[in-house]
Amino acid sequence: MKNIAVIGAGTMGNGIAHVFAQTSYKVNLIDVSAEALKKAMATIEKNLDRQLAKQAITEDVKQAALRNITTYSDVKAGVNGVDLVVEAATENVDLKLKIFKDLDEACAPDVILATNTSSISITKIASVTKRPEKVIGMHFMNPVPVMKLVEVIRGYSTNDTVTNKIMHLSKDLGKIPVEVNDYPGFIANRILMPMINEAIYSLYEGVAGVEEIDTVMKLGMAHPMGPLQLADFIGLDVCLSILNVLHQGFGNPKYAPCPLLVNMVQAGHKGVKSGNGFYVYSAGSKDLVVAERFRR
């Protein structure tokens, strides 16, 4: 597999395209928005420059990576001749089902269809295609060029050949793949999201403040980032969506999203992406400032 299509030019999509292109794969980056594609290419070049400044890559590697990426606004044209499609669109089940139905019709029968979903059932996504055995989860972590883990999720019908190919491909990208089965939240988010939710509940119930909660987990548990800051980084709307998937999938009240999280998302406070969450984010500033609502 040397020709890859990536659907979606957002944060995850441009990161996935970056990693494939830097590893000498030919990448077709596809998004319906020309503006999103332009922004994605600028982000990829900026991140390559960052690697160059740290002497992690050479100028030749940077230029080769940029040459390896071609942008498309038309899905059918973008998936022509590829061996693998990695979908990295918004975490919305209806949107993903539509994309995979369209991909199944547009792609050659032997093309593997992967999704970067963080929580949506691979089996459900595969059910709208005529190739469920070739549908698999390839869950990269953010930021993709930096994080080593790839969660490889087998749907109910995913076959061994496809799984082995994606495991080997992930290693070729310099990642460490971990194979898991298709149950709500997989492994990463099934463990991470209840921790984040409990941290939000601790704030909601007045047990401790934002900085105190994050400090305990950073200094006491050796986490590089506290759970509330991490929630802001992931996106509070994404955290809420994953918790809803867990809650609905298992029917267990321990996964019920904290009312504070629900209110924050409804108010448009989604973390880094909106500039306001548990902390306030200002362009160009690296200082962590607790949001006014949570200051003591």
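Treat the numbers as computed from the prediction; the structure is a model and nothing was measured. Numbering of residues starts from 1 in each chain and follows the order in which that chain's sequence is written. For this predicted model, a pLDDT threshold of at least 70 governs which residues receive local features, and a threshold of 80 or more governs which side-chain atom pairs are given and counted, while totals over whole chains, interfaces and linings are taken from all residues. Side-chain measures were taken over the full set of non-hydrogen atoms in the model, leaving aside hydrogen atoms and water.

**Q** So what's going on with the sheet that holds strand 8 (residues 176-181)? Residues and values would help.
**A** Pairing is mixed across the open sheet formed by 8 strands, whose spatial order is 3-2-1-4-5-6-7-8. Each edge of the sheet is formed by a strand with only one pairing partner; in this case those strands are strand 3 (69-72) and strand 8. Looking at each pair of strands side by side, their axes are set apart by 25° on average, direction ignored. Across 5 bridges, strand 1 (residues 3-7) lies against strand 2 (residues 26-30) in parallel orientation. The residue bridging isoleucine 7 from the neighbouring strand is isoleucine 30, located in strand 2. We call two residues contacting when some pair of their heavy atoms lies within 4.5 Å. Between N-to-C directions, angles cover 0 to 180 degrees, with each direction set by a line fitted to C-alpha atoms, over the stretch in contact for helices. Only DSSP runs of H or I reaching four residues or more are called helices, and only runs of E reaching two or more are called strands; each is numbered from the N terminus. Together, strand 1, strand 2, strand 3, strand 4 (84-87) and strand 6 (135-140) form the strand contacts of helix 1 (residues 11-22), whose direction differs from that of strand 2 by roughly 165°. DSSP bridges decide pairing: two strands pair if at least two such bridges lie between them.

**Q** Pulling in residues and values, what's your account of a positive patch on the surface?
**A** Like charges are joined within 9 Å and nonpolar side chains (Val, Leu, Ile, Met, Phe, Trp, Tyr) within 5 Å, but only among residues with over 30% relative accessible area and no salt bridge; these make up the patches. Reported accessibility uses the Shrake-Rupley method at a 1.4 Å probe radius. Residues are deemed covered only where the shown protein chains occlude them. Within this document, salt bridges are pairs made up of a side-chain nitrogen of Lys or Arg and a carboxyl oxygen of Asp or Glu, the two lying within 4 Å of each other. Positive charges come from Lys and Arg, negative ones from Asp and Glu, while His and the chain ends are left out of the count. For the purpose of locating charges, the reference atoms are NZ of Lys, CZ of Arg, CG of Asp and CD of Glu. A grouping of Lys46, Arg50, Lys54 and Lys286 is seen on the molecular surface, where their side chains present a positively charged patch. Take lysine 54: it is sitting in the loop between helix 2 (34-53) and helix 3 (59-67). Categorising residues by exposure relies on relative accessible area from a 1.4 Å probe, with only protein chains included: less than 20% of the type maximum marks a residue as buried, more than 50% marks it as exposed, and the intermediate range marks it as partly exposed. For lysine 54, a relative accessible area of 65% translates into the label exposed.

**Q** Please set out the packing of helix 8 (residues 188-204) against helix 11 (residues 236-250) residue by residue, giving values where relevant.
**A** The contact between helix 8 and helix 11 brings their axes to 10 Å, and the two run at 110°. On the basis of the axis angle, helix 8 is roughly perpendicular to helix 11. Judged by the twist between their axes, the crossing of helix 8 over helix 11 is left-handed. Taken together, the residues of helix 11 that come into contact with helix 8 (itself represented by Asn189, Arg190, Met193, Pro194, Ile196 and Asn197) are Cys239, Ile242, Leu243, Leu246 and Phe250. Relative orientations are named as follows: roughly parallel for angles under 35 degrees, roughly antiparallel for angles over 145 degrees, roughly perpendicular for angles from 65 to 115 degrees, and oblique for any other angle. Crossing handedness is defined as follows: a turn of the near helix away from the far one that is anticlockwise and smaller than a right angle gives a left-handed crossing, while the clockwise case is right-handed.

**Q** Would you mind going over the UniProt feature "site: Important for catalytic activity" (unreviewed entry) in the protein in detail, with residue names and values included?
**A** UniProt positions are given in the numbering used here, feature names are shortened, and annotations may be inferred rather than shown by experiment. Residues annotated in UniProt with the feature "site: Important for catalytic activity" (unreviewed entry) correspond here to His139. In this structure, histidine 139 sits in strand 6. With near-sequence residues (within four places) excluded, histidine 139 lies in contact with Thr115, Asn116, Thr117, Ser118, Leu149, Val150, Glu151, Ile153 and Asn189.

**Q** Describe the packing of helix 9 (residues 210-221) against helix 10 (residues 227-234), and please don't skip the residues or the numbers.
**A** Following both chains from N to C, one finds helix 9 and helix 10 inclined at 100°, their axes separated by 7 Å at the closest point. Between helix 9 and helix 10, the angle is such that the two are roughly perpendicular. Here helix 9 contributes Val210, Ile213, Asp214 and Met217 to the contact with helix 10, which in turn contributes Pro227, Leu228 and Gln229. Put simply, Ala, Val, Leu, Ile, Met, Phe, Trp, Tyr, Cys and Pro go in the nonpolar bin, Asp, Glu, Lys and Arg in the charged bin, and everything else, Gly too, in the polar bin. In terms of residue class, the contact of helix 9 with helix 10 is made up of 5 nonpolar, 1 polar and 1 charged.

**Q** Tell me about the packing of aromatic side chains, and please be specific about residues and values.
**A** The pairing test for Phe, Tyr and Trp rings, Trp by its six-membered ring, is centres within 6.5 Å, and the orientation test on the planes gives stacked under 30 degrees, edge-to-face over 60, and tilted for anything in between. Throughout the structure, instances matching the rule amount to 4 aromatic pairs. Note on tyrosine 201 and tyrosine 204: the rings are 6.1 Å apart at their centroids and 70° apart in plane angle, and the pair reads as edge-to-face. Highlighted residues: tyrosine 201 and tyrosine 204, both in helix 8, separated by 3 residues, approximately one helical turn.

**Q** Could you give me a rundown of the pattern of salt bridges, with the residues and numbers involved?
**A** Oppositely charged side chains can form a pair if their charged atoms are brought close together. Enumeration according to the criterion identifies 11 salt bridges in this entry. The partner of aspartate 49 in a salt bridge is lysine 62, with the nearest N and O atoms 2.7 Å apart. Within this pair, whereas aspartate 49 is found in helix 2, its partner lysine 62 is found in helix 3, the two being separated by 13 residues in sequence. The exposure class of lysine 62 is buried, given its relative accessible area of 7%. Of the charged contacts, one joins lysine 273 and aspartate 237 as a salt bridge, the two residues approaching to 3.0 Å between their closest N and O atoms. Linking lysine 273 in the loop between helix 12 (259-266) and strand 9 (279-280) with aspartate 237 in helix 11, this pair joins segments that are 36 residues apart in sequence. We classify lysine 273 as exposed; its relative accessible area is 51%. Residue aspartate 237 is classed as partly exposed on the basis of its relative accessible area of 23%.

**Q** Quick rundown of the environment of cysteine 107? Include the residues and the values.
**A** Examined against the element boundaries, cysteine 107 turns out to sit in the loop between helix 5 (93-106) and strand 5 (112-115). Taking the C-alpha atoms as reference, cysteine 107 lies 9.3 Å from leucine 84; in sequence the two are 23 residues apart. Setting aside residues up to four positions removed in sequence, cysteine 107 forms contacts with Val79, Val85, Leu113 and Arg131.

**Q** Go over the UniProt feature "domain: 3-hydroxyacyl-CoA dehydrogenase NAD binding" (unreviewed entry) in the protein with me, naming the residues and quoting the values.
**A** Mapped onto the present numbering, the UniProt feature "domain: 3-hydroxyacyl-CoA dehydrogenase NAD binding" (unreviewed entry) falls at residues 3-182. Regarding residues 3-182, the helix share stands at 43% and the strand share at 22%, and the terminal C-alpha atoms are separated by 26 Å.

**Q** Any details on the pairing of strand 8? Residues and values, ideally.
**A** With 6 bridges joining them, strand 7 (residues 149-154) and strand 8 adopt parallel strand pairing. In the sheet register, valine 152 faces strand 8, and the bridge partner there is glutamate 179. When the strands point away from the viewer, a crossover counts as right-handed if the path from the first strand over the helix to the second runs clockwise. Read from strand 7 through helix 7 (residues 160-172) to strand 8, the crossover connection turns out right-handed.

**Q** I'd like a rundown of helix 7, residues and numbers included.
**A** With 13 residues, helix 7 ought to run about 18 Å at 1.5 Å a step, and its terminal C-alpha atoms sit 18 Å apart, in line with that. Among the residues making up helix 7, those that are buried are Val162, Thr163, Ile166, Met167, Leu169 and Ser170. For helix 7, the buried positions fall inside an angular range of 165° around the axis, keeping them on one side. Along helix 7, exposed side chains directed more than 90 degrees from the buried face belong to His168 and Lys171. In this scheme, a helix's expected span is set at 1.5 Å multiplied by one less than its residue total. Regarding the arc, it is the one traced by the directions from the helix axis to the C-beta atoms.

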